[in-house]
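Residue-level structure breakdown
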Amino acid sequence: MAAAVRAGLWHRGVISVTRRGSHSHSNTALKPQYDAIIIGAAYLQKGGLKTTVLECRHVLGGAAVSEEIIPGFLFSRASYLLSLLRPHIYQDLELKKHGLKVYMRDPYSFTPMLEDGVRGRPPPSLTLGADLAKTQKEIGKFSEKDAKVYPEFLSYLERLACAIHPLLDAPPVDIPGLTQGSLRKKISALRSLKPLVKSGLQLGKNIPDFYELVTAPVMKVLNRWFESEPLRATLATDSVIGANTSPNNPGSGYVLLHHVMGELEKEKGAWGYVEGGMGGVSQSIARSARSLGADIFTNRVSIQEVGDGSAKGVVLTDETEVHSKVVLSNATPYITFKQLTPQDALPEAFITAVDQIDYTSPVTKINGKITENLMLHFIKLNMHFKKKKKKTHSACKAAKEDFRPMIEMTIPSVLDPTLAPPGCHVVSLFIQFTPYLLEGRRVWTDEDRERFADTAFDWVERYAPGFKKSIVGKDVLTPADLERVFSLTGGNIFHGSMSLDQLYLARPLPSVADYRSPVKGLYLCGSGSHPGGGVMGAAGWNSALKVLADFKRL
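Residues numbered from 1 in each chain as written. Predicted model: local features only at pLDDT ≥ 70, side-chain atom pairs only at ≥ 80, totals over all residues. Heavy atoms only, no water.

1. Here we look at the overall build of the protein
A count of helical and extended segments in the protein gives 20 helices and 21 strands. Looking at the protein as a whole, 59% of its 554 residues qualify as buried. Taken as a whole, the protein presents about 23000 Å² of accessible surface, with 54% of it coming from carbon and sulfur. (Helix = DSSP H or I, 4+ residues; strand = E, 2+ residues; numbered from the N terminus. Buried < 20%, exposed > 50% of the residue type's maximum accessible area, 1.4 Å probe, protein only. Areas by Shrake-Rupley, 256 points an atom, 1.4 Å probe, with all protein chains shown as cover.)

Rendered as structure tokens:
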């Protein structure tokens, strides 16, 4: 987000913006001329370009928003946890100074089981947290061997995660520059190899371990480390969060690594809740951008044909034109190139390639209001991974009674009192695996959503009797709803699958992996580009580097 965009633009085109009420978050009027039109403009503004931000919704932040969808209750309606935001962005933009406050997620997770307790004891459960000794004691309830090797496993993950940090904070290797053009251009492109070399040197003898983890089914790795099912299942959830895959499928290991490579409050791999909801991240970045001179407007963006073969700016629905040299799009690549860009402005082969990007999503998000007082804030339910094929997870069983969802449940108001009145709470259920369309390619109806929510609540009820009756309001977002509300193509929270064929040099496509589109002056800067999904800011940072390098030549 930190130099990113929500809706972008075009060759022979300009963006059309439909206003929704008050369109500015300051007293600034929209100017007729900018150097860049983007969303999340902090780094370009800091780099000396006069920028404006156009948000496609009435609330700033894309999927990192806080919304009062039930009066008196504030929800992180889509994204709900923070970890992946790059530390240098956190520091450069002085986000703490601009109001960002986080509550650390500790314990990391609580995984209850449905088995009966022994000799009058409560049912078994597994709690993982920052206190290593306590965590080992918890793991030891199931396996002393696993408890002993757990610290070594954490070190193993940290070594691999830290080694790829140089790749996150730089654009992919400049293959065209290295292979085409003059000798001078090729020599200049050699600099793009530096992050890759640095990462390789940091991995050193761990390169085979890294290769195995990112390519293998994560269960192959976890089965070698651990013997207890509760621990393996709990750890495996990070290999499928947001992904339409199974821990038994190749490539699931990278999804796990992606979810542990973050950092919060200088603690590696830590996650936390943002005070006031995830909109607190977006608002702090917005305040930083405004302090640097950026203008921010909440509008809806579309395309009108105009221009001379390059991105020229935007045109509002009242036909006011706002000109700029560059436009950056934080929309998904599909929306950017299929909905915002005139199709005759793009090569036919490129459009065909865009159509092949995988946006399959298995996610439904339920936000709810609870009238009971609770203590736990992070719970994992139904973490059972049998050897099933990928198609099993995407089977259209979501609205059926025998559907057993995987649920990651958070209750952030246990830590953050700003979200709900005293004695009440907000709850978030991140649920897999649900389809975009139901059986027979049928769209979700309100009745389907109600039935699905009842099924999810019934499962939580099995673990926590009384939960269902405490829910007095809810917001159900299926993959189709996530697409409709947040413009997430297919409902995919990563702006495209995080599969191995859509990473690094191939994200979102090999021809636009450097953030430059086929349209001069139009850049990608969202999660659909390298290094991928999450509230990270890295794609915006990397795209800003490209824009600043290109600007004088445009």
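Next comes the rest of the description.
2. Let's talk about the packing of aromatic side chains
If you walk through the whole model with that rule in mind, you get 12 aromatic pairs. Centre to centre, the rings of Tyr 334 and Tyr 359 are 6.3 Å apart; their planes meet at 75°, and the pair counts as edge-to-face. With Tyr 334 in helix α14 (residues 333–339) and Tyr 359 in the loop between α15 (348–355) and β16 (364–370), this residue pair connects regions lying 25 residues apart in the sequence. Aromatic rings pair up to connect Tyr 150, Phe 153, Tyr 156, Trp 225 and Phe 226 into one cluster. Directly above the aromatic system of Phe 551 lies the positively charged group of Lys 325, at a separation of 4.8 Å from the ring centroid. Above the plane of the ring of Trp 459 lies Arg 462, whose end atom (NZ or CZ) is 3.9 Å from the centre. (Phe/Tyr/Trp six-rings, centres within 6.5 Å; stacked < 30°, edge-to-face > 60°. Lys NZ or Arg CZ within 6 Å of the ring centre and 35° of its normal.)

3. What about the pairing of strand β18 (residues 406–410)?
Within β18, 5 of the 5 residues are buried, which leaves it mostly tucked inside the rest of the structure. Residues Met 406, Glu 408 and Thr 410 point to one face of β18 and Ile 407 and Met 409 to the other, with burial holding for every one of them. Where β18 and strand β19 (residues 425–432) come together, 5 bridges link them in antiparallel fashion. Looking across to β19, one finds that Glu 408 is bridged to Phe 430. (Pairing = 2+ DSSP bridges.)

4. Things to note about the environment of Val 214
Within the secondary structure, Val 214 is located in helix α9 (residues 207–215). When its relative accessible area of 9% is taken as the criterion, Val 214 is described as buried. The sequence separation of Val 214 and Ser 252 amounts to 38 residues, and the corresponding C-alpha distance is 7.2 Å. Those residues in contact with Val 214 that lie beyond four places of it in its chain are Gly 251, Gly 253, Tyr 254, Leu 257 and Leu 500. (Contact = heavy atoms within 4.5 Å.)

5. Concerning the confidence of the model for the protein
The predicted model of the protein averages 87 in pLDDT, with 87% of residues at 70 or higher. Considering only residues more than four positions removed or in separate chains, one finds that residues 1–23, a stretch of pLDDT under 50, has 152 contacts. For the stretch residues 386–396, pLDDT sits under 50, and the model shows 18 contacts to residues farther than four places along the chain or on other chains. (pLDDT = per-residue confidence, 0-100.)

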